[in-house]
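# Descriptive analysis of the structure
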Amino acid sequence: MLALAGVKYEDIRYTFQTWPAEKSKMSFGQLPVLNIDGKMFGQSLAIAAYIAKEAGFYPKNEAKKIVLAKELKVVDVPKYLDLFEKLLKESGTGYFVGTTLTLADFFIYDIISVTIDRGVLSTYKHPY
């Protein structure tokens, strides 16, 4: 987003060798972080939301925000939850890939828990 908005930024990458020395300087001891005037801010979604607002990629019109939120709740989330349900049924194991927990299960759990926390699932047909 920063590049698209024409905002100058420094993209710092750490290696396995350099990371241990830097970890304690990071918010929550993890990456990514956004450094603003020497203060570190963590959490991917919070960083993305901040950058989107600062770079002009966040809806300024409150009515548009409401329409987009409703579209997410009524169209997008149900579509993906139906897809997740289909994938689980097709696997026949209760897991998205194989017969044990994998990274896919953790990612989808995270997606679903965020939509629950934000109240997006309140109108969805499947109880949680």
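Residues numbered from 1 in each chain as written. Predicted model: local features only at pLDDT ≥ 70, side-chain atom pairs only at ≥ 80, totals over all residues. Heavy atoms only, no water.

## Details of the environment of Ile108
Here is the rule we go by: Put simply, DSSP H or I for four residues or longer makes a helix, DSSP E for two residues or longer makes a strand, and each gets a number counted from the N terminus. Relative accessibility under 20% of the residue-type maximum defines a buried residue, over 50% an exposed one, and the middle range a partly exposed one, all with a 1.4 Å probe and only protein chains included. We call two residues in contact whenever any of their non-hydrogen atoms come within 4.5 Å of each other.
Relative to the assigned elements, Ile108 resides in helix α5 (residues 103–117). Accessibility expressed as a relative area gives 11% for Ile108, which makes it buried. Sequence-wise, Ile108 and Ala48 are 60 residues apart; in three dimensions their C-alpha atoms are separated by 20 Å. Those residues within four positions of Ile108 in sequence are excluded, and the remaining contacts are Phe84 and Phe96.

## Things to note about α5
Under the convention used in this document: To estimate the expected span of a helix, count its residues, drop one, and scale the result by 1.5 Å. As used here, the arc is the angular range of directions from the helix axis to the C-beta atoms.
With 15 residues, α5 should reach 21 Å at 1.5 Å per residue; the first-to-last C-alpha distance of 21 Å fits that figure. All buried positions along α5 are accounted for by Asp105, Ile108, Ser113 and Thr115. One side of α5 holds all its buried residues, which, seen down the axis, span an arc of 160°. Turned more than 90 degrees away from the buried face of α5 sit Leu103, Phe106, Phe107 and Asp117, all of them exposed. Residues of α5 that are buried make contact with α4 (62–91). One or two residues past the end of α5 sits Gly119, with phi positive at roughly 75°.

## Thoughts on the nonpolar core
In globular proteins that are soluble, nonpolar side chains generally tend to be buried together. This is how it is decided: Here, nonpolar core means buried Ala, Val, Leu, Ile, Met, Phe, Trp, Tyr and Cys residues that are tied together by side-chain atoms lying within 4.5 Å of each other.
Listed in full, the seven residues of the largest apolar core are Val77, Leu81, Phe84, Phe96, Ile108, Val120 and Leu121. Those residues within four positions of Val77 in sequence are excluded, and the remaining contacts are Leu72, Thr115, Val120 and Leu121.

## Structural notes on the side chain of Asp105
Basically, it comes down to this: Nitrogen and oxygen atoms within 3.5 Å of one another constitute a polar contact, given that in protein one can donate a hydrogen and the other can accept it, and given that sequence-neighbouring residues count only through two side-chain atoms.
Among the secondary structure elements, Asp105 is positioned in helix α5. In terms of polar contacts, Asp105 uses its side chain to reach the backbone amide nitrogen of Phe96, at 2.9 Å. Non-local contacts of Asp105, meaning those with residues more than four positions away in its chain, are made with Tyr95, Phe96 and Thr100.

## Let's talk about the environment of Tyr109
By the element assignment, Tyr109 lies in helix α5. Sequence separation between Tyr109 and Val75 is 34 residues, and the spatial gap between their C-alpha atoms is 20 Å.

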